[in-house]
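The residues making up each chain are set out below.
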Amino acid sequence: MGTVTWDQVKAIAEDKMPDLNCFTIESAMKMIAGTARSMGLNISGTPPWGEKAEVEA
């Protein structure tokens, strides 16, 4: 499918923050990342909070 980076996820989260039920940018990024994965996108790189990114084949 497609791939997005964590920088792109952060930019989307910052834009959508007023519409999300989140208090921190980290939780907004996790929500956006989950939505992206459910749509078939892969997220490349390591998340800013240090967890290892899952690679889907």
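As the structure is a prediction and not an experimental result, all values here were calculated from the model.

Colleague: Before we move on, could you go through the environment of L20 and cite the residues and values that matter?
Modeller: Position of L20 relative to the elements: it lies in the loop between α1 (6-16) and α2 (25-38). Residue L20 is classed as buried on the basis of its relative accessible area, which comes to 19%. A C-alpha to C-alpha distance of 8.6 Å links L20 and M31, two positions eleven residues apart in sequence. If near-sequence neighbours (up to four positions away) are discounted, L20 is found in contact with A28, M31 and I32.

Colleague: Quick one: what's the story with the packing of aromatic side chains, residue by residue and with numbers?
Modeller: Evaluated as defined, the whole model comprises one aromatic pair. Taking 5.3 Å as the distance between ring centres and 75° as the angle between the ring planes, the aromatic pair formed by W6 and W49 counts as edge-to-face. Placement of W6 in helix α1 and of W49 in the segment after β2 (41-44) is noted, with a sequence separation of 43 residues between them. Relative accessible area serves as the criterion here: at 7%, W6 is assigned to the buried category. With relative accessibility at 24%, the residue W49 sits in the partly exposed group.

Colleague: Hey, could you go over α2 for me, with residue numbers and the actual values?
Modeller: Helix length check: α2 (14 residues) gives 20 Å between terminal C-alpha atoms against 20 Å at 1.5 Å per residue, within 8%. By the burial criterion, the buried members of α2 are A28, M29, I32, A33 and A36. Down the axis of α2, the smallest arc covering the buried residues is 135°, so these residues share one side. Along its buried surface, α2 packs onto α1 and β2.

The rules we used
- Residues numbered from 1 in each chain as written.
- Predicted model: local features only at pLDDT ≥ 70, side-chain atom pairs only at ≥ 80, totals over all residues.
- Heavy atoms only, no water.
- Helix = DSSP H or I, 4+ residues; strand = E, 2+ residues; numbered from the N terminus.
- Buried < 20%, exposed > 50% of the residue type's maximum accessible area, 1.4 Å probe, protein only.
- Contact = heavy atoms within 4.5 Å.
- Phe/Tyr/Trp six-rings, centres within 6.5 Å; stacked < 30°, edge-to-face > 60°.
- Expected span 1.5 Å × (residues − 1).
- Arc of directions from axis to C-beta.

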